[in-house]
Amino acid sequence: MRRPVSLFLVALACVPATAFRARGDENAPARLTKDGSFKQNVQWSPDGKTLLFTRIHEGKMALWIMPAAGGEMTRLLPGHTEPHFDGHYSPDGKRIVYVYDKLEGTDGKLRIDVCAADGSDNQTLISHKAFEESPRFSPDGKTVLWVSTRNKNPDLYTVTDEGKDEKRLTNDPAYDLHPAWSPDGKRIAFASGRSGRQKIHVMSADGTGVQKLTDGEFLDSWPVWHPDGKRIAFASNRSGNYDIWLITAEGKELRNLTGHKAQDTSPAWAPDGKKLAFVSTRAGGSDIYVLDVK
């Protein structure tokens, strides 16, 4: 479940000053980056002005930010020399929680750190016990949800935003991954293989009432709630390659949002719910695109 820290693509070009669409296709997603370097875990700032994402550049996996309308990419924590990734904004936009990989020889000790939105005031929130990944602030900012293997296989846990009162939410032999809070904080969506192939599930915020939303012999991952709480976008290879799909919170009205032969992953809703950012290989490398969604 650990992300490879050796994977990287050499940057080929500078980031454009503005986003652009394919000529003659007004419904095509806008491409925000052109460098082609590995990217993942896209997140919007709560004010909708900034994108936070993981990028591998010059062999280093790190957190980067850029204007949501397109523009220059900037390292968030340039002083960090070790891998760090998968950042997530607090609901007030003042903090970012993320994974820090403390390297020891060829191994890494993953922990959860938190910093101010400008990269200052960095602190460890959840110390390393095993693989600690996918941290997510709750909608009220008082709780952090994350994935840990501290009890052998990946399960979902929560702590307060001060790193206290740890609670285990899931306890299943299958892998429970990629958690996401509903906008009202009452439910959690996640990917799990507990029914066989990895599918999208939802449960109450206390870990009870688990329900499976998706079916089929496919891999479904990275669910993200629409801001209205009624729909969930996720990545799936059910079309033969990875696309971004949309389904209601009750598991109905499944539809393909991207429908492209390339690999489309890492969906992220804009705060107003009108746009969806994602990472795609449709231009050959790995770049960020933004799609208008009705």
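Each remark here, short or long, concerns the structure printed above.
Residues numbered from 1 in each chain as written. Predicted model: local features only at pLDDT ≥ 70, side-chain atom pairs only at ≥ 80, totals over all residues. Heavy atoms only, no water.

> Hey, could you go over the sheet that holds strand β18 (residues 220-225) for me, with residue numbers and the actual values?
Read from one edge to the other, the open sheet built from four strands follows the order β18-β19-β20-β21, with strand pairing classed as antiparallel. Bordering the open sheet on either side are β18 and β21 (255-256), each of which pairs with just one other strand. With two bridges connecting them, strand β20 (residues 243-248) and β21 associate as antiparallel partners. Across the sheet, the residue bridging to L246 is R255, located in β21. (Pairing = 2+ DSSP bridges. Helix = DSSP H or I, 4+ residues; strand = E, 2+ residues; numbered from the N terminus.)

> Explain the pattern of salt bridges to me, using residue names and the numbers behind them.
One side chain can pair with another of opposite charge once the charged atoms of both are near each other. This structure, assessed with the given rule, holds 20 salt bridges. For the salt bridge of D35 with K39, the shortest nitrogen-to-oxygen distance reads 2.9 Å. In this pair, the class of D35 matches that of K39, namely buried. Here D292 and K275 are joined by a salt bridge, their closest N and O atoms 2.5 Å apart. With D292 in strand β24 (residues 287-292) and K275 in strand β23 (residues 275-280), this pair connects stretches of sequence that are 17 residues apart. Judged by relative accessible area, D292 falls into the partly exposed class, the value being 40%. The network of salt bridges with common partners includes R31, D35, K39, R55 and D287. (Salt bridge = Lys/Arg side-chain N within 4 Å of Asp/Glu carboxyl O. Buried < 20%, exposed > 50% of the residue type's maximum accessible area, 1.4 Å probe, protein only.)

> So, the layout of surface pockets: which residues are in play, and what are the values?
Of the voids in this model, the largest pocket is the one considered here, and its volume is about 780 Å³. Around the largest pocket sit 33 residues that line it, and Q43, H88, W181, W225 and W269 are the ones nearest its centre. Among the secondary structure elements, those contributing two or more residues to the lining of the largest pocket are β2 (39-44), β6 (84-89), β10 (132-137), β14 (176-181), β18 and β22 (264-269). Taken together, the residues that form the lining of the largest pocket break down as 21 nonpolar, 11 polar and one charged. (1 Å grid on protein atoms, 1.4 Å probe; cavity = no way out; pocket = protein on both sides within 12 Å on 5 of 7 lines; lining within 4 Å. Points joined across faces, edges and corners; volume = space filled by probe spheres on them. Nonpolar A, V, L, I, M, F, W, Y, C, P; charged D, E, K, R; others polar.)

> An account of the environment of T143 is requested, with residue identities and associated values reported.
Among the structural elements, T143 can be located in strand β11 (residues 143-148). T143 gets classed as partly exposed once you look at its relative accessible area, which sits at 21%. Sequence separation between T143 and G79 is 64 residues; the distance between their C-alpha atoms is 27 Å. In this structure T143 touches R136, F137, S138, T158, V159, T160, D161 and W181, once residues within four positions along its chain are discounted. (Contact = heavy atoms within 4.5 Å.)

> Which residues make up the pairing of β20, and what values go with them?
Among the six residues that make up β20, six are buried, leaving the element largely enclosed by the rest of the structure. Of the two faces of β20, the one holding D243, W245 and I247 and the one holding I244, L246 and T248 are both buried throughout. Summarising the sheet, strand β19 (residues 231-236) and β20 pair through six bridges and their orientation is antiparallel. Looking across to β20, one finds that F234 is bridged to W245. Hairpin geometry of β20 and β21 is characterised by an intervening segment of six residues between the two adjacent antiparallel strands and by a positive phi of about 85 degrees at G251.

> Tell me what's going on with the pairing of strand β16 (residues 199-204), and back it up with residues and numbers.
The element β16 is extensively covered by neighbouring structure, given that five of its six residues are classed as buried. Bridge count between strand β15 (residues 187-192) and β16: six bridges; the pairing is antiparallel. Following the sheet pairing, A189 is matched in β16 by V202. Linking β15 back to β16 in an antiparallel pair, the connection comprises six residues, with G196 at a positive phi of about 120 degrees. Bridging between β16 and strand β17 (residues 211-212) involves two bridges; their strand directions are antiparallel. From the neighbouring strand, V202 faces β17, where its bridge partner is Q211. If you look at the hairpin formed by β16 and β17, you'll find six residues sitting between the two strands, and G207 has a positive phi there, around 95 degrees.

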